[in-house]
Amino acid sequence: MPHPPSQPSTVFGTSPCAKALDQAGQWVSTELAERRNLLLFNPVGDNDYDTVRTIVSAYQMIKPGEYARAHRHSPNAMRLVLDAKPGVFTVVDGARLPMQAGDFLLTPGNCWHSHYNEGDANAYWIDFLDVPLVHRLEPMFFEEYPDGYQPVDIAPEAHDWYFPAAVTRPQLHAQPVKHGYRRLVLNTQAHISTMEMSYLALTPGTPVNFPRNTASRIVAITQGSGQARVGERDIAWQRGDVIAVPSWVEYAFVADEAAEMLEVSDRPVLDKLGFYRETKAQ
Ligand code: 1HN
């Protein structure tokens with residue numbers, strides 16, 4: 001079994017998106033903004049919010065000493081941590097969960113959540129939410145926590161909502177290679193029923209052609225670099241990048257160096273409604 005590197009190969013904090021967040025950090029406090037987000041809207045038609053039709057993703061940055069106050073909403077949320085020094089954590093319905101590079105965390109709909117950076121460097125992560133789906137179906141609810149501070153009740157080592165990289169990466173590399181890549185589907189269905197989350201590990205130089213299918217997905221690169229073809233577009237990707245793959249678009253990935261990525265898809269919705277369909281992979 002190839003030994004996965006334990007540290008991320010690059011630091012997100014040097015990327016143009018991180019620079020934009022750093023710039024925002026000079027002007028906009030979490031006091032003012034509640035969340036410091038760089039929203040990844042897809043510039044198609046008159047869209048000014050969605051990354052794909054059912055899911056939005058956004059980078060978030062929190063500075064040392066900052067606190068993003070507690071709120072809750074009906075949309076489900078998930079976070080993939082890019083850079084974080086010790087002392088960064090989120091509190092979800094009273095459970096204090098660490099946020100370290102490579103960790104993945106759930107905030108199921110209607111759970112109170114607040115974020116803290118008690119470390120000594122800016123922390124960056126990617127948020128994924130089913131806001132566009134909830135918006136279209138209309139059951140949108142949002143509430144501020146009274147006075148903003150939710151108490152911490154527990155600080156568990158392990159939790160159903162917490163997928164530390166130290167656990168998921170060895171699990172991913174223990175999966176068999178199928179169709180040229182490894183896939184680990186995270187056990188999240190009991191908590192978030194609208195989206196499916198998988199980690200993928202690609203072997204350098206082995207192209208992976210995915211079947212065209214009716215699910216929409218967002219792919220976030222956690223390790224390595226390579227190229228993708230999504231529909232008619234050629235994309236060079238590296239750690240920290242986010243790639244939108246809309247419904248019924250053909251897509252293929254090839255890694256230049258051992259690569260890992262997280263895929264967030266709306267497939268459970270399509271499956272439940274009987275709308276999931278795919279063509280055979282070439
Ligand atoms: C939200 O509540 C968070 O709580 C992050 O960290 C990103 C994007 C759209 C709507 C709500 C958060 C969000 C969001």
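Refer to the preceding data block for the structure.
Summary of the structure given here. Since we're looking at a predicted model, the values are computed, not measured.

Turning next to the nonpolar core. By size, the foremost hydrophobic cluster in this structure holds 44 residues, and its most contacted members are Met78, Phe104 and Phe128. Looking at this core element by element, the count peaks at five residues for strand 9 (residues 123–129). Ignoring anything within four residues of it in the chain, the contact list for Phe104 reads Met78, Arg79, Leu80, Trp161, Tyr162, Phe163, Leu186, Met197, Tyr199 and Leu262. With 17 residues, the next largest nonpolar core counts Phe210, Ile243, Val245 and Ala255 among its residues.

The next subject is the site of the ligand. As a matter of local geometry, the ligand sits amid Arg35, Asn37, Tyr49, Gln60, His71, His73, Arg79, His113, His115, Asp127 and Leu129. Between the ligand and His73, the relevant distance is 2.8 Å, taken from an oxygen atom to a side-chain nitrogen or oxygen of the residue. Between the ligand and His115 there is a distance of 2.7 Å, counted from an oxygen atom to a side-chain nitrogen or oxygen. For the ligand, whose unbound accessible area comes to 330 Å², protein coverage reaches 87%. For the shell around the ligand, the elements supplying multiple residues, two or more each, are strand 3 (67–73), strand 8 (113–117) and strand 9. Of the residues assigned to the shell around the ligand, the class counts are two nonpolar, six polar and three charged.

Scanning all chains against the criterion turns up twelve aromatic pairs. For the ring pair Phe210 and Tyr251, a centre distance of 4.7 Å and an interplane angle of 5° mean the geometry is stacked. In this pair, Phe210 sits in strand 14 (residues 208–210) while Tyr251 sits in strand 19 (residues 251–255), placing the two residues 41 residues apart along the sequence. With relative accessibility at 4%, the residue Phe210 sits in the buried group. Measuring from ring centre to ring centre gives 6.0 Å for Phe210 and Phe253, while their planes differ by 90°; the resulting arrangement is edge-to-face. Note that Phe210 is positioned in strand 14 and Phe253 in strand 19, a separation of 43 residues in sequence. Taken individually, Phe210 and Phe253 each receive the classification buried, so the pair is uniform in this respect.

As a further point, take the pattern of salt bridges. Within this structure, the stated rule accounts for 14 salt bridges. For Arg239, the salt bridge identified is with Asp83, shortest N-O distance 3.6 Å. Note that Arg239 is positioned in the loop between strand 17 (233–238) and strand 18 (242–245) and Asp83 in strand 4 (residues 77–83), a separation of 156 residues in sequence. Residue Arg239 is classed as buried on the basis of its relative accessible area, which comes to 6%. Classification of Asp83 as buried rests on a relative accessible area of 10%.

Another point: the pairing of strand 4. Counting buried positions along strand 4 gives seven out of seven residues, so the element sits mostly inside the fold. In this sheet, strand 7 (residues 104–107) lies alongside strand 4 in antiparallel orientation, the contact comprising four bridges. By the bridge assignment for strand 7, Met78 is matched with Leu106. Summarising the sheet, strand 4 and strand 9 pair through six bridges and their orientation is antiparallel. Opposite Ala77, over in strand 9, you have Leu129 as the bridge partner.

Below, the discussion takes up the sheet that holds strand 2 (residues 56–62). Taken together, six strands build an open sheet; the order of strands is 1-2-9-4-7-11 and the sheet is antiparallel. At either margin of the open sheet sits one strand with a lone partner, and together these are strand 1 (37–39) and strand 11 (162–163). Of the pairings in the sheet, the one linking strand 1 to strand 2 comprises three bridges and is antiparallel in character. Note on strand 2: the bridge partner recorded for Asn37 is Gln60. Docked against the sheet, helix 1 (residues 16–27) engages strand 1, strand 2 and strand 9, running at close to 55° with respect to strand 2.

About the criteria used
Residues numbered from 1 in each chain as written. Predicted model: local features only at pLDDT ≥ 70, side-chain atom pairs only at ≥ 80, totals over all residues. Heavy atoms only, no water. Core = buried A, V, L, I, M, F, W, Y, C linked by side-chain atoms within 4.5 Å. Buried < 20%, exposed > 50% of the residue type's maximum accessible area, 1.4 Å probe, protein only. Helix = DSSP H or I, 4+ residues; strand = E, 2+ residues; numbered from the N terminus. Contact = heavy atoms within 4.5 Å. Near = heavy atom within 4 Å. Polar contact = N/O pair within 3.5 Å; in protein donor to acceptor, adjacent residues only side chain to side chain. Areas by Shrake-Rupley, 256 points an atom, 1.4 Å probe, with all protein chains shown as cover. Nonpolar A, V, L, I, M, F, W, Y, C, P; charged D, E, K, R; others polar. Phe/Tyr/Trp six-rings, centres within 6.5 Å; stacked < 30°, edge-to-face > 60°. Salt bridge = Lys/Arg side-chain N within 4 Å of Asp/Glu carboxyl O. Pairing = 2+ DSSP bridges. Axes fitted to C-alpha atoms, helices over the stretch in contact; angles between N-to-C directions.

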